[in-house]
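Observations on the model geometry
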Amino acid sequence: MRQPNILFLMTDQQRWDAMGCSGDWVNSPSLDRIAKEGVRFSNCITTTPICIPARVTLQTGLYPHNTHVWNNINFTLPTTAQSWMREIRELGYRTSLFGKTHLHPHRGDLRKREHLLHGYGLDDVNEIGGPRASAVVMSHMTQLWEQKGLLERYREDFRDRFATKAHVVRPSTNPLEYYADVYVGQMAKEYLQSYKHENPWFCWVSFGGPHEPWDAPEPYASMYDVDSMPTPTKRFENVPGRPEGWLDYFMENRSPRFDEGDQAAMRANYAGNVTLIDDQIGEILSVIDDRGEMDNTVIAFTSDHGEMNGDADLIYKMNFLDGALRVPLLVRTPDTAKNLVDEAVNESMAENCDLGPTLVELAGGKIEYRQFAKSLIEAMQESDVVHRTNALSEFRGEFMLATKEWKAAINREGETYLLFDRTNDPFESRNLAGDPDYRDASDSMRCQILERVSASQLKSPW
């Protein structure tokens with residue numbers, strides 16, 4: 001059989017429930033189509049709830065405790081690092097990227113560092129910075145903005161947002177046709193329309209949205225009724241005297257001051273941005289349909305981490321609560337599309353980095369070097385197959401483990417400071433850490449965390 005083409009779709013800061021197939025508040029027909037023709041992993045978490053470490057782990061299959069990339073630091077992924085995308089290129093694919101990578105620092109001119117992306121396994125590249133970085137870095141996209149007289153207005157808007165009210169909701173100063181997510185979608189669309197190489201193609205389309213700021217352009221900015229948005233979860237109750245960790249500091253020092261209606265307005269704008277991206281994905285899928293290639297194309301979709309959007313009175317990510325931790329994970333293959341069921345959902349635990357070995361295997365290869373991501377193939381074939389019994393996430397020297405029943409996090413001293421009953425408390429309203437009635441669950445989860453970390457050690461990541 002011919003090797004399948006591979007479309008790898010990725011967003012930045014998209015919550016697991018921000019799709020029609022996983023929630024009831026966002027319209028996403030293109031992602032819903034991928035889910036219907038594929039498998040949705042409903043319990044996928046990010047391996048770390050912040051951009052750079054999550055993307056490094058996604059690329060390498062190595063955790064922050066392997067790479068020592070615990071936060072958004074000044075880091076360049078070495079071109080000598082093992083990369084599943086390079087594995088796919090070595091299998092005979094012509095590889096491409098359109099959008100954000102964040103595998104090297106977002107400063108200066110990204111076009112001068114294309115050699116890094118070639119080293120990571122990407123042949124044809126058009127890289128952009130994220131929404132914040134695009135105010136300071138140059139790329140093909142920001143050069144276009146400058147030519148159209150848009151760049152300085154974009155920069156002024158960003159300065160004002162973060163100098164006054166970081167979570168303000170207002171449309172971008174860029175018109176729709178020059179909005180970053182539209183640019184990424186259209187560049188990928190044009191590339192695939194004109195693709196003439198004999199090699200099968202691998203195309204990574206990496207949108208910068210729906211990452212804040214909340215600046216979806218019209219008509220998406222006013223597409224959703226703020227009154228129909230889901231109510232944010234409340235900040236959880238605690239057991240007195242429990243150990244503390246990073247989340248306590250985060251809530252104490254980084255909680256925004258919300259005005260009436262802020263959370264609903266953020267969610268409505270965020271939903272508009274997701275639908276904008278979904279429309280761009282729909283145009284890309286139409287190109288594949290028009291080329292007659294859909295019956296030989298694999299499509300995968302995930303995000304690097306989520307967005308709190310007012311849950312627990314927080315914005316952004318950088319914590320182990322579900323809003324930041326849980327992400328979408330969809331895989332569609334020609335076989336899953338042929339064996340169409342109403343909705344194939346695997347509810348076992350998964351990590352977003354598991355896409356790497358999955359796509360290599362679907363391309364006809366296998367990752368031989370040591371890494372800790374795990375192919376989803378077996379769990380895609382049978383919905384009741386347990387892919388992982390638990391999933392690991394890390395941030396700032398802390399560790400979190402989630403099973404279908406429990407979620408626990410330990411601080412830098414190794415103390416359990418978060419414990420949630422995922423079965424009976426899905427909205428994380430009560431933190432059971434420190435409660436003597438749940439000591440057995442706490443001790444069991446802590447031991448499982450230590451076992452996972454101990455079993456995934458490396459002498460040197462590179």
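So, a few notes on the structure that sits alongside this text. Because the structure is predicted, anything quoted here is derived from the model rather than measured. (Residues numbered from 1 in each chain as written. Predicted model: local features only at pLDDT ≥ 70, side-chain atom pairs only at ≥ 80, totals over all residues. Heavy atoms only, no water.)

Quick notes on empty space enclosed by the protein
Under the criterion given, the structure shown has two cavities of 30 Å³ or more. Of the volumes computed, that of the largest cavity is approximately 100 Å³. Every residue lining the largest cavity is counted, 14 residues in all, and those nearest its centre are Pro131, Tyr154, Tyr179, Ala180 and Asp215. Looking at the lining of the largest cavity, the elements that each hand over two or more residues are α8 (180-193) and β5 (201-210). Residues of the lining of the largest cavity, tallied by class, amount to six nonpolar, six polar and two charged. There is about 30 Å³ of room inside the second largest cavity. Residue lining of the second largest cavity: Trp16, Met19, Ser22, Arg40, Phe41, Ser42, Val327, Pro328 and Leu329, and that is the complete set. (1 Å grid on protein atoms, 1.4 Å probe; cavity = no way out; pocket = protein on both sides within 12 Å on 5 of 7 lines; lining within 4 Å. Points joined across faces, edges and corners; volume = space filled by probe spheres on them. Helix = DSSP H or I, 4+ residues; strand = E, 2+ residues; numbered from the N terminus. Nonpolar A, V, L, I, M, F, W, Y, C, P; charged D, E, K, R; others polar.)

What to know about the pairing of strand β7 (residues 329-332)
Side chains Leu329 and Val331 project from β7 onto one buried face, and the interleaved Leu330 and Arg332 project onto a second face that is buried too. Where strand β2 (residues 39-45) lies against β7, two bridges are found, and the strand directions are antiparallel. The residue bridging Arg40 from the neighbouring strand is Leu330, located in β7. Two strands pair when backbone bridges link them, and strand β6 (residues 297-303) and β7 are joined in this way by four bridges, in the antiparallel orientation. Paired with Ala300 across the bridge in β7 is Val331. (Buried < 20%, exposed > 50% of the residue type's maximum accessible area, 1.4 Å probe, protein only. Pairing = 2+ DSSP bridges.)

Thoughts on the pattern of salt bridges
Per the stated rule, a full pass over the model turns up 31 salt bridges. Between Glu283 and Lys189 there is a salt bridge whose closest N-O contact spans 2.8 Å. Of this pair, Glu283 sits in helix α10 (residues 262-290) while Lys189 sits in helix α8, placing them 94 residues apart in sequence. As a salt-bridge pair, Asp311 and Arg267 come within 2.5 Å of each other at their nearest N and O atoms. Of this pair, Asp311 sits in the loop between β6 and α11 (322-325) while Arg267 sits in helix α10, and the two are 44 residues apart along the sequence. (Salt bridge = Lys/Arg side-chain N within 4 Å of Asp/Glu carboxyl O.)

Regarding the packing of aromatic side chains
Counted by the stated rule, this structure contains 18 aromatic pairs. Their ring planes at 15° and their centres at 6.3 Å tell us that Trp25 and Tyr270 sit as a pair that is stacked. With a gap of 245 residues between them, Trp25 in the loop between β1 (5-12) and α1 (29-37) and Tyr270 in helix α10 connect regions that are remote in the sequence. Owing to a relative accessible area of 1%, Tyr270 belongs among the buried residues under this scheme. With a centroid separation of 5.2 Å and 35° between ring planes, the pair formed by Trp246 and Tyr249 is classed as tilted. Placement of the pair is Trp246 and Tyr249 together in helix α9 (residues 246-253), with a separation of three residues, close to one helical turn. The exposure class of Trp246 is buried, given its relative accessible area of 9%. Connected via pairs of aromatic rings, a cluster forms that spans Phe8, Trp84, Phe202 and Trp204. The lysine or arginine in question, Arg132, covers the ring of Tyr316, its NZ or CZ lying 5.4 Å from the ring centre. The side chain of Arg396 reaches across the aromatic face of Trp246, ending 4.0 Å from its centre. (Phe/Tyr/Trp six-rings, centres within 6.5 Å; stacked < 30°, edge-to-face > 60°. Lys NZ or Arg CZ within 6 Å of the ring centre and 35° of its normal.)

Let's talk about unusual backbone geometry
With an omega of 5°, the peptide bond running from Gly209 to Pro210 counts as cis. The amide bond that connects Glu212 to the next residue, Pro213, takes the cis arrangement and shows omega of 15°. Here Pro213 lies in the loop between β5 and α9. Positive phi, close to 75°, is recorded for Tyr316, a residue that is not glycine. Counting through the fold element by element, Tyr316 comes out in the loop between β6 and α11.

Overview of the pairing of strand β12 (residues 416-421)
Along β12, six of the six residues are buried, which leaves the element largely enclosed by surrounding structure. Bridge count for strand β11 (residues 406-410) against β12 is five bridges, and the pairing is antiparallel. The partner of Ala408 across the bridge, within β12, is Leu419. The hairpin turn running from β11 into β12, its antiparallel successor, is five residues long, and Gly414 in that turn takes a positive phi close to 80°.

Thoughts on the sheet that holds β1
Here we have eight strands laid out as an open sheet, ordered β4-β3-β5-β1-β6-β7-β2-β8, and mixed in their pairing. The open sheet has two edge strands, β4 (124-127) and β8 (344-351), and neither has a second partner. When the angles between neighbouring strand axes are averaged without regard to direction, this sheet yields 15°. Note: β1 against β6, seven bridges, orientation parallel. Each bridged residue has a counterpart across the sheet, and for Asn5 the counterpart in β6 is Thr297. (Axes fitted to C-alpha atoms, helices over the stretch in contact; angles between N-to-C directions.)

Topic: the sheet that holds strand β10 (residues 398-402)
The strand order across the open sheet built from four strands is β9-β10-β11-β12, with neighbouring strands paired in antiparallel fashion. Taken across any chain shown, the strands that pair with only one partner, and hence form the sheet edges, are β9 (391-395) and β12. Strand-to-strand twist across the sheet, computed as the mean angle between neighbouring axes with direction ignored, equals 15°. Contacts from α9 reach β9, β10 and β12 within the one sheet, and its direction differs from that of β12 by about 85°. Contacting β9, β10, β11 and β12, helix α15 (residues 439-455) crosses the sheet at an angle of about 65° to β11. (Contact = heavy atoms within 4.5 Å.)

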